[in-house]
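Coordinate analysis (summary)
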Amino acid sequence: MIRLMDVFKEYDNGTKALKGINLRIDDGEFVFLVGPSGSGKSTIIKLLTAEVSATQGRVMVNGYNLNNIRQWQIPYMRRTLGVIFQDFRLIEKKTVRSNLEFVMRIIGASPREMRRRIPYVLDLVGLGDKADVYPNEMSGGEQQRVAIARALINNPQMIIADEPTGNLDPQRSLEIMTLLERINSMGTTMLVVTHEKELVNRFSKRVVAIQNGELASDERGGYYQYEKSV
Amino acid sequence: MSGGAIISMKNRFNFGYFITEGFRSIFAHGLMSFAAVCMIVACLLIMGSFSLVAINAERMLSQAEDDNEFLAFIDETYTDAQIRQLQQQVAAVDNVASVNFVTREEAKENYLGDYEDEGLYANIPDEVFRDRLSIHVVDLEQFGQTVAAVEALPGVAGIRAMGELAQGFVTVRNVASAIALALVAILAAVSLFIISNTIRLATFARREEIAIMKMCGATNSFVRWPFAFEGLMLGLAGAVIAFFLQWGIYAAIYRAVVANGAIGMFPLLSFGAIWAPVLGVFLLAGALIGACGSGFAIRRFLQV
Ligand SMILES: Nc1ncnc2c1ncn2[C@@H]1O[C@H](COP(=O)(O)OP(=O)(O)OP(=O)(O)O)[C@@H](O)[C@H]1O
Ligand SMILES: [Mg+2]
């Protein structure tokens with residue numbers, strides 16, 4: 001669940017990244033967030049993960065009101081989110097299994113819970129046989145699957161992906177997106193930032209386009225069409 | 001999506017994990033850790049050595065204080081009533097603990113008592129001895145002033161004081177304590193600096209892991225504990241090494257004093273009698289330096 005109400009974000013250097021964004025994403029939705037480079041997509045993600053705070057307006061994430069959230073509550077808010085990045089951000093010197101254990105330990109999971117949960121999630125992302133492999137022994141697509149497994153491992157309500165296919169070829173990208181769609185169909189809310197028009201158009205999901213820090217369009221079953229409106 | 005297991009969200013204090021991570025980090029940048037431990041060892045060793053000197057001086061002092069007595073001879077013309085009055089006056093002097101009146105007969109008996117088997121002195125006339133007040137002081141450091149104050153009283157014909165050795169111990173103790181304090185302050189500051197830099201290096205080396213932890217909902221304390229343990233373990237390692245070195249140094253000095261037959265004059269404590277408090281203080285100081293050093297680094301460089 002996400003609510004952005006009249007959100008402005010001005011960075012310390014004076015850059016106005018967001019200028020009055022209104023956005024509502026309900027539980028279970030699959031939403032593409034599109035827009036040209038510098039339009040403010042990553043800024044929205046950072047607002048949702050409480051990495052930056054809004055200059056003005058209200059931000060709600062999975063029941064947490066980020067306007068008056070206490071510092072100590074932020075980790076618990078983040079546990080309701082799984083975040084995926086273009087550059088995977090795996091720990092290179094840990095195996096796939098260790099990467100996942102690392103993240104489960106954060107929320108206090110027991111070794112028994114880890115032994116049960118990790119194979120389940122690895123199977124889900126199609127890496128059932130790669131638990132003991134190191135990230136640099138894997139292809140980009142496989143590494144992104146590990147990142148998706150990591151985002152899923154603590155069973156978040158929502159997954160937020162910032163250009164998850166930015167480093168992958170079209171075939172790998174399609175596979176990753178299909179995987180995200182499948183995870184969404186199992187109940188996890190999905191917010192995916194992407195540049196890739198063809199990919200967006202293939203899936204016929206809700207598409208939110210922003211431009212210059214403002215909402216340009218928001219269509220269900222929509223296409224990536226912000227270029228038309230320019 | 002919750003297949004596989006129901007995920008708990010309890011904040012277990014994962015002691016084993018924090019310790020393991022702390023250890024891994026120590027060896028990940030071994031040279032810096034080594035330097036930090038060396039600094040702590042030096043700091044504790046210097047503090048310990050001067051403290052042990054001070055402690056021994058203090059002990060010799062307290063032994064000397066058992067004879068913290070001086071004698072004030074009474075004017076021979078004084079009557080019993082005057083002597084009683086003088087005794088009260090002396091008792092009223094600052095720093096006087098007790099005053100005993102000793103007659104010349106008692107003094108002679110005491111004196112002869114010391115030389116029982118020697119008939120030689122048996123014939124000493126009573127006149128050689130005089131009526132006297134035996135005076136104990138409270139604080140040996142003010143021994144000199146007290147003696148002077150008593151000496152200035154009318155009716156005191158003379159003084160016999162033997163406080164010089166004791167005064168020497170006071171000086172040794174005070175100097176050793178002062179040096180220990182000054183050095184400890186400096187070295188503790190340097191140790192803190194080195195430890196906090198070691199920890200800063202550790203946080204820097206693991207900044208990516210820390211970023212991932214934060215993104216995945218790690219609490220501040222979860223991120224910080226391994227570094228706190230790292231500092232603590234460095235401090236404790238330094239303490240243990242310093243303790244054994246201190247032991248070696250002290251034992252060597254002790255043996256040298258005994259070999260020179262000087263143990264009678266300088267009755268040093270054996271290390272066996274003091275090892276427990278030394279170890280305790282070292283561990284405490286090491287832990288304190290380690291914990292404060294890492295705490296400082298975490299505050300400044302680990303804004304999570
Ligand atoms: N930390 C920051 N400090 C100052 N300005 C920033 C910061 N981060 C982003 N910006 C600026 O804010 C604007 C929006 O940036 P943002 O990263 O949200 O864009 P984006 O839509 O994610 O772009 P891209 O598609 O290239 O990733 C840009 O003008 C950018 O230069
Ligand atoms: Mg971006």
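Located above this text is the structure these notes cover.
First, a word on what this report is: a plain description of the structure on this page.

Cut-offs used in this document
Residues numbered from 1 in each chain as written. Chains lettered and ligands numbered in written order. Predicted model: local features only at pLDDT ≥ 70, side-chain atom pairs only at ≥ 80, totals over all residues. Heavy atoms only, no water. Helix = DSSP H or I, 4+ residues; strand = E, 2+ residues; numbered from the N terminus. Buried < 20%, exposed > 50% of the residue type's maximum accessible area, 1.4 Å probe, protein only. Contact = heavy atoms within 4.5 Å. Areas by Shrake-Rupley, 256 points an atom, 1.4 Å probe, with all protein chains shown as cover. Near = heavy atom within 4 Å. Polar contact = N/O pair within 3.5 Å; in protein donor to acceptor, adjacent residues only side chain to side chain. Nonpolar A, V, L, I, M, F, W, Y, C, P; charged D, E, K, R; others polar. Arc of directions from axis to C-beta. Pairing = 2+ DSSP bridges. Axes fitted to C-alpha atoms, helices over the stretch in contact; angles between N-to-C directions.

Along chain B, the regular secondary structure elements total 9 helices and 4 strands. Sequence-ordered secondary structure for chain B, helices as α and strands as β, is α-α-β-α-β-α-β-α-β-α-α-α-α. Burial status across chain B gives 41% buried among its 304 residues. Taking contacts inside chain B between residues at least 6 apart in sequence as the whole, the part at least 24 apart equals 85%. Total accessible area computed for chain B in this model is approximately 16,100 Å², and 63% of it derives from carbon and sulfur atoms.

Let us look at the site of ligand 1. All names here are of chain A. Lining the immediate surroundings of ligand 1 are 15 residues, of which S37, G38, K41, S42 and T43 lie closest. Residue S39 places a main-chain N or O atom 3.3 Å away from an oxygen atom belonging to ligand 1. G40 places a polar main-chain atom, nitrogen or oxygen, 3.0 Å from an oxygen atom of ligand 1. Coverage of ligand 1 by the protein chains reaches 65% of its 630 Å² of free accessible surface. For the shell around ligand 1, the element with the most residues is helix α1 (residues 41-48), which contributes 4 residues. Its residues assigned to classes, the shell around ligand 1 shows 3 nonpolar, 9 polar and 3 charged.

Let us now look at unusual backbone geometry. For N155 of chain A, which is not glycine, the phi torsion reads 55° and is therefore positive. Along the polypeptide, N155 of chain A turns up in the loop between α5 (140-153) and β7 (158-162). Take N155 of chain A: its relative accessible area is 29%, and that puts it in the partly exposed class. Its identity as a non-glycine residue notwithstanding, N95 of chain B has a phi of 75°, on the positive side. Following the sequence through the fold, N95 of chain B ends up in the loop between α3 (80-92) and β2 (96-102).

This part takes up helix α5 (residues 143-151) of chain B. Restricting attention to buried positions, one finds in α5 of chain B the residues F143, T146, V147 and V150 of chain B. Buried residues of α5 of chain B, seen end-on, are gathered within an arc of 100° and therefore sit on one face of the element.

On to the sheet that holds strand β4 (residues 56-61) of chain A, then. Residues and elements named next belong to chain A. The 4 strands are arranged β2-β1-β4-β5 in an open sheet whose pairing can be described as antiparallel. The sheet is open, and its two edges are formed by β2 (16-25) and β5 (64-65), each paired on a single side. Here 2 bridges tie β4 to β5, and the two strands are oriented antiparallel to one another. Paired with V61 across the two strands is Y64, which belongs to β5. Against the sheet, α1 engages β1 (2-10), β2 and β4, with an angle of about 115° to β1.

Function-wise, these values are silent; they only describe arrangement.
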